[in-house]
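Here is how the chains run, residue by residue.
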Amino acid sequence: QSDGTTIGTHDDISLLDTPKAQEVIAYTLGTFAGVLTNEELMALDNNLKAFIIGESIQQTSVNRRISKFRTHDVYHFGWNIAKRLKIPNTMMAEFLKSQFPWQLADVEISTIAKKLSSDEGAFTLPKVEPRLPLPPYPLAKKLGIC
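Residues numbered from 1 in each chain as written. Predicted model: local features only at pLDDT ≥ 70, side-chain atom pairs only at ≥ 80, totals over all residues. Heavy atoms only, no water.

Caption draft 1: Main features of the overall build of the protein. Scanning the protein for helices and strands turns up 7 helices and 0 strands. For the protein, the N- to C-terminal ordering of α and β elements is α-α-α-α-α-α-α. By principal-axis analysis of the C-alpha atoms, the protein measures approximately 45 × 30 × 30 Å. The buried share of the protein, taken over its 146 residues, is 42%. For the protein, long-range pairs separated by at least 24 residues make up 71% of all intrachain contacts whose partners lie at least 6 apart in sequence. (Helix = DSSP H or I, 4+ residues; strand = E, 2+ residues; numbered from the N terminus. Buried < 20%, exposed > 50% of the residue type's maximum accessible area, 1.4 Å probe, protein only. Contact = heavy atoms within 4.5 Å.)

Structure follows, in structure tokens:
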């Protein structure tokens, strides 16, 4: 059904209950804890869950500069979750651009899609190979925020 009446059905819940989705959500919340405000973190959590189950996202999570948080950190965050959820790079790029518009203001979707796995340039957040566990990364500590 594409009339929107399936929201909240068992199918949506089961997508979020998969081990990979749980891992990605825990990684996201744990990685950005202390970096984002509680409001931003809740927005990112809600938007990520909507994204996973294929709902449209109306809201931006983070539209401000975060000290020392770089474009490549956003790319690697996207790569880490896209690979686990088997989401195409272009879809992930669109999600990232919607969630981190300040960081990605000057970057086209196609460029983001190409650079998700790039190791060129400076970054703090590492890429984690898809076959490895994805524990939350101590980003706030590494950025010197906390």
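Caption draft 2: Focus on the packing of helix H4 (residues 71-85) against helix H5 (residues 89-99). Two elements in contact, H4 and H5, have axes separated by 10 Å at closest approach and are oriented at 130°. The angle between the axes of H4 and H5 places the two elements in the oblique class. In this structure, H4 crosses over H5, and the sense of that crossing is right-handed. Across the interface between the two elements, Val74, Phe77, Gly78, Ile81, Ala82 and Lys83 from H4 touch Asn89, Met92 and Leu96 from H5. (Axes fitted to C-alpha atoms, helices over the stretch in contact; angles between N-to-C directions. Parallel < 35°, antiparallel > 145°, perpendicular 65-115°, else oblique. Left-handed = near helix turned anticlockwise from the far one by under 90°.)

Caption draft 3: Structural context of the packing of aromatic side chains. Throughout the structure, instances matching the rule amount to 7 aromatic pairs. Ring geometry for Tyr27 against Phe77: centres 6.2 Å apart, planes inclined by 20°, an arrangement best described as stacked. Of the two residues, Tyr27 is situated in helix H2 (residues 19-32) and Phe77 in helix H4; the sequence distance between them amounts to 50 residues. A single burial state applies to Tyr27 and to Phe77, both of which are buried. Residues Phe51 and Phe95 carry aromatic rings whose centres are separated by 4.4 Å and whose planes lie at 20° to one another, so their mutual orientation is stacked. A residue pair is termed long-range when its members are at least 10 positions apart, and Phe51 in helix H3 (residues 38-52) and Phe95 in helix H5 qualify at 44 residues. A single burial state applies to Phe51 and to Phe95, both of which are buried. Every member of this aromatic cluster is reached through a ring pair, and the members are Tyr27, Phe32, Phe69, Phe77 and Phe100. (Phe/Tyr/Trp six-rings, centres within 6.5 Å; stacked < 30°, edge-to-face > 60°.)

Caption draft 4: Quick peek at H5. Taken together, the buried positions of H5 are occupied by Met92, Ala93, Phe95, Leu96 and Gln99. The arc that holds the buried residues of H5, viewed along the axis, is 165°, so those residues lie on one side. Its buried side turned inward, H5 meets H3, H4 and helix H6 (109-115). (Arc of directions from axis to C-beta.)

Caption draft 5: Spotlight on the confidence of the model for the protein. Residues of the protein with pLDDT of at least 70 account for 91%, and the chain-wide mean is 91. Counted against residues more than four places away or in other chains, residues 1-8, with its pLDDT under 50, gives 4 contacts. (pLDDT = per-residue confidence, 0-100.)

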